[in-house]
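Descriptive structure summary
Here is how the chains run, residue by residue.
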Amino acid sequence: MENIQNLPIDIQTSKLLDWLLDRRHCNIKWQSTVKTVREKINAAIQDMPENEEIKQLLSGSYIHYFHCLRIVEILKGTEASSKNIFGRYSSQRMKDWQEIVSLYEADNVYLAEVASLLIRNVSYEGPALRKQIAKAQQLQQELSRREVECQSSAAELRERYYAACKQYGISGENVQRELQALVKDLPSVLEEVGRDAAKLEEQIQLYAAFTNFVCDW
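Residues numbered from 1 in each chain as written. Predicted model: local features only at pLDDT ≥ 70, side-chain atom pairs only at ≥ 80, totals over all residues. Heavy atoms only, no water.

1. Regarding the overall build of the chain
Scanning the chain from terminus to terminus reveals ten helices and zero strands. Ordered by position from the N terminus, the helices and strands of the chain form the series α-α-α-α-α-α-α-α-α-α. Taking 17 Å as the expected radius of gyration for a compact globule of 217 residues, we find that the chain reaches 42 Å, considerably beyond that expectation. The burial tally for the chain puts 21% of its 217 residues in the buried class. Within the chain, contacts between residues at least 6 apart in sequence are counted, and of these 57% link residues at least 24 apart. Of the roughly 17200 Å² of accessible surface on the chain, 53% is carried by carbon and sulfur atoms. Seen as two clouds, the 27 positive and the 31 negative side-chain charges of the chain have centres 11 Å apart. (Helix = DSSP H or I, 4+ residues; strand = E, 2+ residues; numbered from the N terminus. Rg over C-alpha atoms; globule rule 2.2 N^0.38 Å. Buried < 20%, exposed > 50% of the residue type's maximum accessible area, 1.4 Å probe, protein only. Contact = heavy atoms within 4.5 Å. Areas by Shrake-Rupley, 256 points an atom, 1.4 Å probe, with all protein chains shown as cover. Lys, Arg positive; Asp, Glu negative; His and termini not counted. Charge placed at Lys NZ, Arg CZ, Asp CG, Glu CD.)

2. Comments concerning helix 10 (residues 201-216)
The first and last C-alpha atoms of helix 10 sit 22 Å apart over 16 residues, in line with the 22 Å expected at 1.5 Å per residue. Counting buried residues in helix 10 gives zero out of 16 residues, a small share hidden from the surface. (Expected span 1.5 Å × (residues − 1).)

3. Digging into a nonpolar patch on the surface
Nonpolar side chains collect at one region of the surface, where V183, L186, V189, L190 and V193 lie side by side and expose about 440 Å² of accessible area between them. When residues of the nonpolar patch are assigned to their parent elements, the largest contribution, four residues, is made by helix 9 (residues 186-198). Here V183 lies in helix 8 (residues 175-183). Overall, V183 belongs to the exposed group, its relative accessible area being 53%. (Patch = residues over 30% accessible without salt bridge, like charges linked within 9 Å, V, L, I, M, F, W, Y side chains within 5 Å. Salt bridge = Lys/Arg side-chain N within 4 Å of Asp/Glu carboxyl O.)

4. Some words on the UniProt feature "coiled-coil region" (unreviewed entry) in the chain
UniProt's entry tags residues 129-156 with the feature "coiled-coil region" (unreviewed entry), counted in the numbering of this structure. As a span, residues 129-156 carries 100% helix and 0% strand, and end to end its C-alpha atoms are 40 Å apart. (UniProt positions renumbered as here; feature names shortened; annotations may be inferred.)

Structure, rendered in structure tokens:
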């Protein structure tokens, strides 16, 4: 008999909430109770102790029953000094969250809310995330293709750059300094040009005589 009770029940996700209501596991007016719970949660979160885990729990878009259970467990540590000899807490924080948990557990309201969240996640959030993943994968493929193209273009430009540097006789590691260093060689280059130009004296005299002859004529 115990084994039969522990067997899982296969229920279609979209019909889970209806199944809970039809079998009276939850009250049909659970939404009004949840509205009251939401108001109490919004009021309770205004006064919370400095705790990193609580900050993470409250940073979510929706705080549900299981978050509240965890907050109560954390408050048992942070509000331990307010516990009296009867084992009850005088801390208003603890009282607020214990009340929230009690409201959730009355008529299994938390089951209806969690079932509603599950249906929404499966029907809407899941497909939306799959679309986002598909779009992200497509974008990733496009960026990978562009990365390969950019690497190929970069390699080509690098070759052209070093070819241009070679024409100027520099290595290209520090272009400005290397070009400035080339100026030091300019006097010797000009001196060599001057020596080569001196060898053209005969041709220069011939050109001058030809020019004078033409001008006189």
